[in-house]
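A closer look at the structure
Chain by chain, the residues:
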Amino acid sequence: MNLLILSRKFGGVVGGVEKMVLLLAQQMQLRGHSVTLVSLDFPEATPFYSFPQGVRWVKLGIGNPDEKASTNIRFSRILAIRRLINELEIDAVVGFQIGSFALVRFATIGTGVRSIAAERNAPTLFDFIRNGRLKRFVSFAILSLASVVSVQLMENKKLYPKWLRSRIAVNPNPISTVKIQDKDKNHQRTQKIILYVGRVTFQKNLEVLVRAISLLDSTPVLRIVGEGDELEYIQSLANAEKVNLELFKFTDDLKSLYLEADIFCLPSRWEGFPNVVGEALAHGLPVVGFAECAGIKSLVRNFENGVIADGNDNAISLSIALNLALSKDWDTSIIRNSISEFSLQSFADTWESTLFPRIKDE
């Protein structure tokens, strides 16, 4: 079968969406399908992550992918995608996130090609953004045009209106297992380490984490791995709150940082499937996050592999959870086994069934 996947941008982008797009492309290619990745990148763009062997990358280069597109640019992109769909005799298209899905869906009008909208954020994001109510309505209207809407967790499916749930498929991300030797965890330190990995943005809400750490009984080190538009503000806040902050640039090999940390904290306002939480758990690292942040309760089990803080965006409840996590003697083997259901095999199986249901029927 022939598959086309559209993701907005790969050039220089470090993110969970891009990582999962490439993994999906790789797995479908390994199963004998022809896969074409399409992005809005300029021709000279280079990716942060390596592209799978045998997967074609088409860079549209129509308009700037970092800017809001005019109607003419959108129309030109749709026509270019439609030409690809016809030339390559595409059987199914996937648009990762709502903007990309809208482009591929309009490009398939009248073709009979199966269209899948891959939503990477839970609808709770509309509670935190400007004009959220209007954007929620528009988003759901666009998703109603999909053959299938792919979400990452059953918890997230329940956040959609009932009339849309019948076309929603749950395709969880895989969590890779990590080989750990006893000596890997043998570290002698006087200070505990709280680790955060990801973008430093409004969504990730590092502000509440810094404020929560300032309320702790102890004085742990906060390690932040990543960059973003709020990094300078977080540095300033940490200095004002007397929080010991260590900054690291993002790297594709985070094993040593996960193993050196005592707990992992993701203080996000919303998520879809928080890949970094899965990575932390795979390394035997207990996780702290908010109960009302979509995705956390599906991965974190209270006092088994982490601690869930009450509510959302609350420094006091987060500090209580951090204190509990820092003081508990964790069993790393239990933590690592807690995510065994999120296998690569399951990821590939559920996605193949979503993309090409006829294969499953046969």
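Refer to the preceding data block for the structure.
Below or above, wherever it landed, is the structure these notes cover. (Residues numbered from 1 in each chain as written. Predicted model: local features only at pLDDT ≥ 70, side-chain atom pairs only at ≥ 80, totals over all residues. Heavy atoms only, no water.)

Description of the state of the cysteines
In a disulfide, the sulfur atoms of two cysteines are held together by a covalent bond. Summed over all chains, the structure comprises zero disulfides. Its sulfur unpaired, Cys293 is 10 Å from the next cysteine sulfur, which belongs to Cys265. The class for Cys293 is buried, based on a relative accessible area of 0%. (Disulfide = S-S within 2.5 Å. Buried < 20%, exposed > 50% of the residue type's maximum accessible area, 1.4 Å probe, protein only.)

Focus on the sheet that holds strand β2 (residues 34-39)
The sheet built from seven strands is open, its strands ordered β3-β2-β1-β4-β5-β6-β7 with parallel pairing. The outermost strands of the open sheet, each flanked by one partner alone, are β3 (56-59) and β7 (168-170). Between one strand axis and the next, the sheet turns through 25 degrees on average, direction left out of account. The pairing of strand β1 (residues 2-6) with strand β4 (residues 92-96) spans four bridges and is parallel. If you follow Leu3 over to β4, its bridge partner there is Ala92. The strands touched by helix α1 (residues 16-30) are β1, β2 and β4; relative to β2, the strand with the most contacts, the crossing angle is about 160 degrees. Sheet strands in contact with helix α2 (residues 71-87) are β1, β2, β3 and β4, and its direction is about 165 degrees off that of β1. (Pairing = 2+ DSSP bridges. Helix = DSSP H or I, 4+ residues; strand = E, 2+ residues; numbered from the N terminus. Axes fitted to C-alpha atoms, helices over the stretch in contact; angles between N-to-C directions. Contact = heavy atoms within 4.5 Å.)

With respect to the packing of helix α3 (residues 98-107) against helix α4 (residues 132-143)
Running from N to C, α3 and α4 point in directions that differ by 40 degrees, and their axes come no closer than 10 Å. It follows that α3 is oblique to α4 by the angle criterion. Between α3 and α4 lies a crossing of left-handed hand. Of α4, the residues touching α3 (which contributes Ile98, Phe101 and Ala102) are Ser139, Ile142 and Leu143. (Parallel < 35°, antiparallel > 145°, perpendicular 65-115°, else oblique. Left-handed = near helix turned anticlockwise from the far one by under 90°.)

A short note on helix α10 (residues 275-282)
Along α10, seven of the eight residues are buried, which leaves the element largely enclosed by surrounding structure. Residues Asn275, Val276, Val277, Gly278, Ala280, Leu281 and Ala282 constitute the buried set of α10. Positive phi appears at Gly284, one or two residues downstream of α10, with a value of about 80 degrees.

What to know about the side chain of Asp41
Positionally, Asp41 belongs in the loop between β2 and β3. Although buried, Asp41 forms no salt bridge, and the nearest oppositely charged side chain, Lys9, lies 5.5 Å from it. Within the structure, Asp41 has its side chain in polar contact with the backbone nitrogen of Gly11 (distance 3.1 Å). Polar side-chain contacts of Asp41 include one of 2.6 Å to the side chain of Ser39. In this structure, Asp41 is in contact with Arg8, Lys9, Phe10, Gly11, Trp57, Lys59, Leu60, Gly61 and Pro65, ignoring residues within four places of it in sequence. (Lys, Arg positive; Asp, Glu negative; His and termini not counted. Salt bridge = Lys/Arg side-chain N within 4 Å of Asp/Glu carboxyl O. Polar contact = N/O pair within 3.5 Å; in protein donor to acceptor, adjacent residues only side chain to side chain.)

Structural notes on the pairing of strand β6 (residues 148-151)
Residues Val148 and Ser150 line one face of β6 and the alternating positions Val149 and Val151 line the opposite face, and both faces are buried. By the bridge criterion, three bridges tie strand β5 (residues 114-118) to β6 in an arrangement that is parallel. Bridging from a neighbouring strand, Ala117 pairs with Val149 of β6. Note on the crossover from β5 through α4 to β6: the handedness is right-handed. Note: β6 against β7, three bridges, orientation parallel. From the neighbouring strand, Val149 faces β7, where its bridge partner is Ile168. (Right-handed = clockwise from strand over helix to strand, strands pointing away.)

A look at helix α8 (residues 231-240)
In an α-helix, one full turn covers 3.6 residues, which means residues spaced three or four apart are oriented alike. For α8, the set of buried residues is Leu231, Ile234, Leu237 and Ala238. Along the axis of α8, the buried positions cluster into a sector of 120 degrees, meaning they face one direction only. Across from the buried face of α8, at angles greater than 90 degrees, the exposed residues are Glu232, Asn239 and Ala240. Buried residues along α8 sit against α7 (206-214), β9 (221-225) and β10 (244-248). Two residues or fewer past α8, Lys242 is found with a positive phi of approximately 60 degrees. (Arc of directions from axis to C-beta.)

As for the packing of aromatic side chains
Taken as a whole, this structure holds 12 aromatic pairs when the rule is applied. Through successive ring pairs, a cluster of aromatic residues spans Phe10, Phe51 and Trp57. Between the NZ or CZ atom of Lys59 and the centre of the ring of Trp57, over which it lies, the distance is 4.3 Å. Looking at Lys328, its charged tip hangs above the ring of Trp330, at a distance of 5.1 Å from the centre. (Phe/Tyr/Trp six-rings, centres within 6.5 Å; stacked < 30°, edge-to-face > 60°. Lys NZ or Arg CZ within 6 Å of the ring centre and 35° of its normal.)

Considering the pairing of β4
Most of β4 sits inside the fold, with five of its five residues counted as buried. Alternating residues of β4 divide into Ala92, Val94 and Phe96 and Val93 and Gly95, and every residue in both groups is buried. As defined by bridge partners, β4 adjoins β5 across five bridges and the pair is classed as parallel. Across the sheet, Ala92 pairs through a bridge with Arg114, a residue of β5. Following the backbone out of β4, through α3 and into the adjacent parallel β5, one traces a crossover that is right-handed.

Let's talk about the packing of α1 against helix α14 (residues 344-355)
The contact between α1 and α14 brings their axes to 10 Å, and the two run at 80 degrees. Regarding the angle of α1 to α14, the classification is roughly perpendicular. From α1, Met20, Leu23, Leu24, Gln27 and Met28 reach across to α14, where they touch Leu344, Phe347, Ala348, Trp351, Glu352 and Leu355. Class assignment of the residues belonging to the contact of α1 with α14 gives a composition of nine nonpolar, one polar and one charged. (Nonpolar A, V, L, I, M, F, W, Y, C, P; charged D, E, K, R; others polar.)

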